[in-house]
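# Structure at a glance
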Amino acid sequence: MIRLPDPCLVVLVGAAGSGKTTLAARLFAAEAVLSSDAHRALVSGDEADQAATKSAFSILHRRLERRLAAGQTTVVDATNVTPFARRSLVRRAAGRGVPAVAIVLALDRPLVLARIAVREGRIVPSAAVERQLDDLDRSLGGGLEGEGFAAVHLLRTAAEVDDLAIG
């Protein structure tokens, strides 16, 4: 079990197929979760439309600002595997005096690739997932803890993800 400050920003970090969306749906109210896929679908009608990413994140960031200003715990469900992706989220939270907490899903590469291979619905090319996994490895080796998070919770196995509870 992990204890989260209230309010806080929860930044989910992990490659496609690592279980971020499933975890978010299990642990948090739907209205607290800001999903990059859902915002791409809002913009273009297709959650896989990468051309819609810039507009989708613009809307996601505006909604995040409003929720943080209102003192509402908010979860950002996106890969967030690069420091660049995380930096603007942590900065927004800090600007509102809200702690940011990272929950990192760093599952074994073969497991993530196997999940993507049998995934129904939104298909993510394995080459893209490989890049995300490489970016995540670099982040884990490069001091994710030094990016301004109040806490970083690292989950390395599917069992740890499945057993996670928040308080």
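The structure presented is a predicted model; accordingly, all values stated were derived computationally and were not measured.

This next bit is on the pattern of salt bridges. Two side chains of opposite charge can pair, provided their charged atoms sit close to one another. Counting across every chain of the model gives seven salt bridges. Across the salt bridge formed by R96 and E65, the nearest N and O atoms sit 3.4 Å from each other. Placement of the pair is R96 in the loop between α4 (83-95) and β4 (100-105) and E65 in helix α3 (residues 53-69), with a sequence separation of 31 residues. Exposure remark for E65: the relative accessible area of 25% places this residue in the partly exposed category.

The residue D6 is located in the segment before β1 (9-13) in this model. We classify D6 as exposed; its relative accessible area is 67%. Polar contacts involving the side chain of D6 include one to the side chain of T73, which spans 3.2 Å.

Moving on: the pairing of strand β3 (residues 74-77). Regular strands place their side chains on alternate faces of the sheet. Burial along β3 is two-sided: the face carrying T74 and V76 and the face carrying V75 and D77 are both buried. Across four bridges, β1 lies against β3 in parallel orientation. Residue pairing in the sheet places V10 in a bridge with V75 of β3. Two strands pair when backbone bridges link them, and strand β2 (residues 33-35) and β3 are joined in this way by three bridges, in the parallel orientation. Bridging across to β3, L34 finds its partner in V76.

Here we come to the side chain of R67. On the secondary structure map, R67 appears in helix α3. The side chain of R67 is buried and forms no salt bridge, while E31, the nearest opposite charge, is found at 6.6 Å. If near-sequence neighbours (up to four positions away) are discounted, R67 is found in contact with E31, A32, L34, Q72, T73 and T74.

Each value, and the rule that gives it
- Residues numbered from 1 in each chain as written.
- Predicted model: local features only at pLDDT ≥ 70, side-chain atom pairs only at ≥ 80, totals over all residues.
- Heavy atoms only, no water.
- Salt bridge = Lys/Arg side-chain N within 4 Å of Asp/Glu carboxyl O.
- Helix = DSSP H or I, 4+ residues; strand = E, 2+ residues; numbered from the N terminus.
- Buried < 20%, exposed > 50% of the residue type's maximum accessible area, 1.4 Å probe, protein only.
- Polar contact = N/O pair within 3.5 Å; in protein donor to acceptor, adjacent residues only side chain to side chain.
- Pairing = 2+ DSSP bridges.
- Lys, Arg positive; Asp, Glu negative; His and termini not counted.
- Contact = heavy atoms within 4.5 Å.

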